[in-house]
Amino acid sequence: MASKHEPVYQIFSFQDYKSSSDPIFELPAQCASPAPAPIVIDNGSFQTRAGWAAPAAERDSPLDSPRLLFRSVAARSRGAARSETQIGNDIPNLEPLRWLLKSQFDRNVVVNFEIQELIFDYVFTHLGISSEGSVPHPVVVTEAPCNPLHCRQMMSELLFECYRVPYVSYGVDGLYSFYHNNTQRNLQPPHTGIVLSSGYHCSHILPVINGRFDAVNCKRVNVAGSQAASYLQRLLQLKYPGHLAAITLSRVEELLHEHSYVAVDYHEELEKWRSPEFYEREVHRMQLPFSGKVPGGCVSVEERQERRAQQLRRLQEINARRREEKLLQDQERLDRLMAIQELLEDGLLDQFHKSLVELNMDSAEELQSYINKLQLAVEQGRQKLLHSDGAEGKSEVSELEQPMDEGDGVSLMDPEFPEDTLPEKPANVVQPVFNMAEYHQLFVGTERLRCPEIMFQPSPTGEDQMGLMETLQYVLARYTPEQQEALVSNVFLTGGNMQYPGMKERVERELLAMRPFQSHFKVTMASRPALDAWYGARDWALEHPPGGEGGAADGWISRQEYEEKGGEYLSEHCASNVFVPMKIAKPIPARSTEPPLTSLTSTGTSAAVASVTAASCSTVAADVSVVTS
């Protein structure tokens, strides 16, 4: 039993990543000639990725990867000028400015186009575009599945009117990643499958049939990375109320990205955590920064001597200051008594006796005795002040313990700096040592799997909706059995929130329980779940260059088409949304017979109100039709 090994636990430190400002790159020559290369912007709700869609000469060329990767946030205080706004990596630490951070997204849809304009300014400036008043490059931008027409209209207006770009193309990030990985796997188009995409704000189920996105049957789940991070932060703050300020959202996101995993069987995994050996082996102890000095802790001999020396110097200063005050008081009293004695010498006996009564003295001899004592005390005080130095420290300390000469019993010890009179404990006495390092550790155990689990069971966070796999089952039920077989033969996982270890195995287990007996399915994970959307958009832009006779190629919107068809227009392609044109009927004012001017009574007024009400009702009906569609 004595040879039993102690369980080995793991201690990790927080990286507390600090971002550094992005450099302003020079415009590459191959991106400017023979034709302007498209700019690819993966406009993600967590991170923005931007780069060039230019054929790279070598595989590891800088143009073969995104040139800019930064958080999609802007730090601007109320009323701050545009020059004072910090974007992305210009913010070294997000936590002090957390309450100032603003995003262009509401859920996964861009609604704050003022912040979006600042993001575009940052991208175009750091990519080296220095043309005045315009961006002469086509732009590929990712958007949300089933993006509202109004949001696309505002985005097109921003790009065409503010930046005067020649061409714009919109696509869904999950579909870009889907086609990019299918090409890498040498699958022949048209592709059929179902995409499970999970980002920072939302997760999506995107069915693709014969190379076209089926927007009618796609679904969104409002649980993703931000909800998991908030849930983990609440769990740890309830567990460690003494470290509320140290459990920041940035550290929680680091815990989520680096130390969390998805359990293949959630309840079976929780049963494993009941074992003390399993807990000690699998728990991650996160070390918070702390100071090793404890008030009242063990003090070394050198520190004790230094403390005594500082205390001695302080007492010497106090003694010298009070000696000066006493000398001044004695000198003032001596001058007063000498003045009374001069009254006797001048023959003013009445005033002299009156002053003696005030001093509670009986005779001139008693007055002379007091004068002699004060003269001696003043002379001794002056001598001590002249010859005071550091060598008299010990005698002064002993003097401090004596009462004042006046008998007031006030000690010269400063109460704010008490003398260390505690006896030194012998070295052989064992003192209990408080482990400060262990006190500043976070034991992250079952939280490692409980937080990613909300993607499959959102109920612990208070969300009243289906989980990811239950939503997938609902989407599959809307297809025929043959279409279901085709869809589950290519289940594709992408998005930054899909990078937990064990995610693919969990989806396979859920599909096995969901699908009929002996049915076949295949689950694949994106090679780079967080970056493949940008690579897919880059590949699409290289394969479908813009331009053509009188307009753009398929998938591109030219400026002429924007002016003719409106900002909500979308040129469809394999990775885009489905464009459903809707004509908003303008309200037609109801024409009624105008009453004569002489007979404008209450009847005419009510008719006018009725016509205005009818017009407003038609406008509301048009708005409702847009929202419903």
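Residues numbered from 1 in each chain as written. Predicted model: local features only at pLDDT ≥ 70, side-chain atom pairs only at ≥ 80, totals over all residues. Heavy atoms only, no water.

## Describing the overall build of the protein
Our working definition: The way it works is that DSSP assigns letters per residue, a run of H or I at least four long becomes a helix, a run of E at least two long becomes a strand, and they are numbered from the N terminus. Exposure categories follow from relative accessible area, calculated using a 1.4 Å probe and restricted to protein chains: below 20% of the type maximum is buried, above 50% is exposed, and the middle band is partly exposed. Methods summary: accessible areas were calculated by the Shrake-Rupley approach with a probe of 1.4 Å, and residue burial reflects only the protein chains presented.
The helix and strand tally for the protein stands at 20 helices and 20 strands. Taken over 629 residues, the protein has a buried fraction of 42%. On the protein, roughly 35400 Å² of surface is accessible, and the fraction owed to carbon and sulfur atoms is 54%.

## Details of the side chain of Thr494
For clarity, the threshold we go by: Note on definitions: a residue-residue contact is assigned when non-hydrogen atoms from the two residues lie within 4.5 Å.
Considering the arrangement of structural elements, one finds Thr494 in strand E18 (residues 491-494). Those residues in contact with Thr494 that sit more than four places away from it in its chain are Gly174, Ser177, Val195, Leu196, Ser197, Ser198, Ala526 and Pro529.

## Things to note about unusual backbone geometry
In this chain, Ser33 is followed by Pro34 through a cis amide linkage whose omega measures 0°. The residue Pro34 is located in the loop between helix H1 (29-32) and strand E2 (39-43) in this model. The amide bond that connects Pro189 to the next residue, Pro190, takes the cis arrangement and shows omega of 0°. Mapped onto the secondary structure, Pro190 falls in the loop between helix H4 (173-184) and strand E12 (193-198). One non-glycine residue, Arg164, lies in the positive phi region at around 55°. As for its placement among the helices and strands, Arg164 is situated in the loop between helix H3 (149-162) and strand E11 (167-172). Within the chain, Asn210 stands out as a residue other than glycine whose phi angle is a positive 55°. Topologically, Asn210 is positioned in the loop between strand E13 (203-209) and strand E14 (212-213). Residue class for Asn210 comes out exposed when judged on its relative accessible area of 52%.

## Describing the packing of helix H5 (residues 225-239) against helix H6 (residues 249-259)
Keep this limit in mind: Helix axes are fitted to C-alpha atoms over the stretch in contact, other axes to C-alpha atoms as well, and angles between N-to-C directions run from 0 to 180 degrees. We call two directions roughly parallel when the angle between them is under 35 degrees, roughly antiparallel when it is over 145, roughly perpendicular when it lies between 65 and 115, and oblique otherwise.
For the pair H5 and H6, the least separation of the axes is 9 Å and the interaxial angle reads 110°. Here H5 lies roughly perpendicular to H6, going by the angle between them. Note on element contacts: H6 touches H5 through Leu249, Val252, Glu253, Leu255 and Leu256, opposite Gly225, Ala228, Ala229, Leu232, Gln233 and Leu236.

## Some remarks on the sheet that holds strand E3 (residues 47-52)
Heads up, the rule is: Strands qualify as paired when DSSP identifies two bridges or more between them.
Strand order across the open sheet formed by 6 strands is E4-E3-E2-E10-E11-E20, with mixed pairing between neighbours. Since the sheet does not close on itself, it has two edges, and those belong to strand E4 (68-71) and strand E20 (557-558), each with one partner. Here strand E10 (residues 139-143) pairs with E11 via 5 bridges, running parallel. Across the sheet, Glu143 pairs through a bridge with Val172, a residue of E11. Sheet contacts for H4: E2, E10 and E11; angle to E11, the most-contacted strand, approximately 80°.

## Observations concerning the sheet that holds strand E5 (residues 74-75)
Paired through their backbone hydrogen bonds, the strands of a sheet run either parallel or antiparallel. A sheet is described by the order of its strands in space; here 3 strands give the open sequence E6-E5-E7, paired in antiparallel fashion. Two strands bound the open sheet, and with one partner strand each, they are strand E6 (86-87) and strand E7 (101-102). Across 2 bridges, E5 lies against E6 in antiparallel orientation. Bridge assignment links Ala75 to a residue of E6, and that residue is Gln86.

## Side note on the packing of helix H2 (residues 113-126) against H3
Heads up, the rule is: Helix crossings fall into two classes, left-handed where the near helix is turned counterclockwise from the far one by less than a right angle and right-handed where it is turned clockwise. Here the term charged refers only to Asp, Glu, Lys and Arg, the term nonpolar to Ala, Val, Leu, Ile, Met, Phe, Trp, Tyr, Cys and Pro, and the term polar to all other amino acids, Gly among them.
As a packed pair, H2 and H3 sit with axes 11 Å apart at the nearest point and diverge in direction by 45°. Here H2 is positioned oblique relative to H3, judged by the angle of their axes. In the packing of H2 onto H3, the handedness of the crossing is right-handed. Across the interface between the two elements, Phe113, Gln116, Glu117 and Phe120 of H2 pack against Cys151, Met154, Met155, Leu158, Leu159 and Cys162 of H3. Partitioning the contact of H2 with H3 into residue classes produces 8 nonpolar, 1 polar and 1 charged.

## Description of the confidence of the model for the protein
For clarity, the threshold we go by: On a scale of 0 to 100, pLDDT captures the predictor's confidence in every residue.
When pLDDT is averaged across the protein, the result is 83; 80% of the residues are at 70 or more. In this model residues 393-423 is a low-confidence stretch, pLDDT under 50, and it forms 37 contacts with partners more than four residues away in sequence or in other chains. Below pLDDT 50 for its whole length, residues 593-629 participates in 10 contacts with residues either more than four positions away or in separate chains.

## Some thoughts on the nonpolar core
Using the following cut-off: The term nonpolar core refers to a set of buried residues drawn from Ala, Val, Leu, Ile, Met, Phe, Trp, Tyr and Cys, joined through side-chain atoms within 4.5 Å.
Leu196 and Met503 are the most contacted members of the largest nonpolar core, which has 52 residues in total. Elements with a contribution of two residues or more to this core: E12, H5, H6, strand E17 (441-444), helix H15 (468-476), helix H16 (481-488), E18 and helix H17 (503-514). Ignoring any residue separated from it by four or fewer positions in sequence, one finds Met503 in contact with Val262, Met455, Phe456, Leu493, Asn497, Met498 and Met525. With 40 residues, the next largest nonpolar core counts Cys31, Ala50, Leu63 and Leu118 among its residues.

## A short note on helix H10 (residues 349-358)
We apply this condition: What the arc measures is the spread of directions leading from the helix axis to the C-beta atoms.
Considered for burial, the residues of H10 that qualify are Phe352, Ser355 and Leu356. For H10, the angular spread of the buried residues around the axis is 105°, confining them to a single face. The exposed residues of H10 that point more than 90 degrees off its buried face are Asp350, Lys354, Val357 and Glu358. Residues of H10 that are buried sit in contact with helix H9 (301-345) and helix H11 (364-387). Immediately downstream of H10, the backbone of Asn360 shows phi near 60°, a positive value.

## Observations regarding the pattern of salt bridges
Proximity of charged atoms lets side chains of opposite charge pair with each other. Heads up, the rule is: Any carboxyl oxygen of Asp or Glu within 4 Å of a side-chain nitrogen of Lys or Arg constitutes a salt bridge here.
Within the structure shown, the criterion is met by 24 salt bridges. A salt bridge links Arg76 to Glu114; the shortest N-O distance between them is 3.1 Å. With a gap of 38 residues between them, Arg76 in the loop between E5 and E6 and Glu114 in helix H2 connect regions that are remote in the sequence. Taking the relative accessible area as the measure of exposure, Arg76 reaches 15% and is therefore buried. Residues participating in the shared-partner salt-bridge network are Asp64, Arg538 and Asp539.

## Topic: H9
For clarity, the cut-off: To estimate how far a helix should reach, multiply one less than its number of residues by 1.5 Å.
Given a rise of 1.5 Å per residue, 45 residues ought to cover 66 Å, and the 65 Å separating the end C-alpha atoms of H9 matches this to within 8%. One or two steps after H9, the chain reaches Gly347, where phi turns positive at roughly 85°.

## What to know about the pairing of E13
Across the 7 residues of E13, 6 count as buried, placing the element largely inside the fold. As paired elements, E12 and E13 share 6 bridges and run antiparallel to each other. The partner of Ser197 across the bridge, within E13, is His204. Here E12 folds back onto E13 in antiparallel fashion, the turn holding 4 residues. Of the strand pairs in this sheet, E13 and strand E15 (residues 219-221) are connected by 3 bridges, and their pairing is antiparallel. Note that in E15 the partner of Ser203 across the bridge is Val221.

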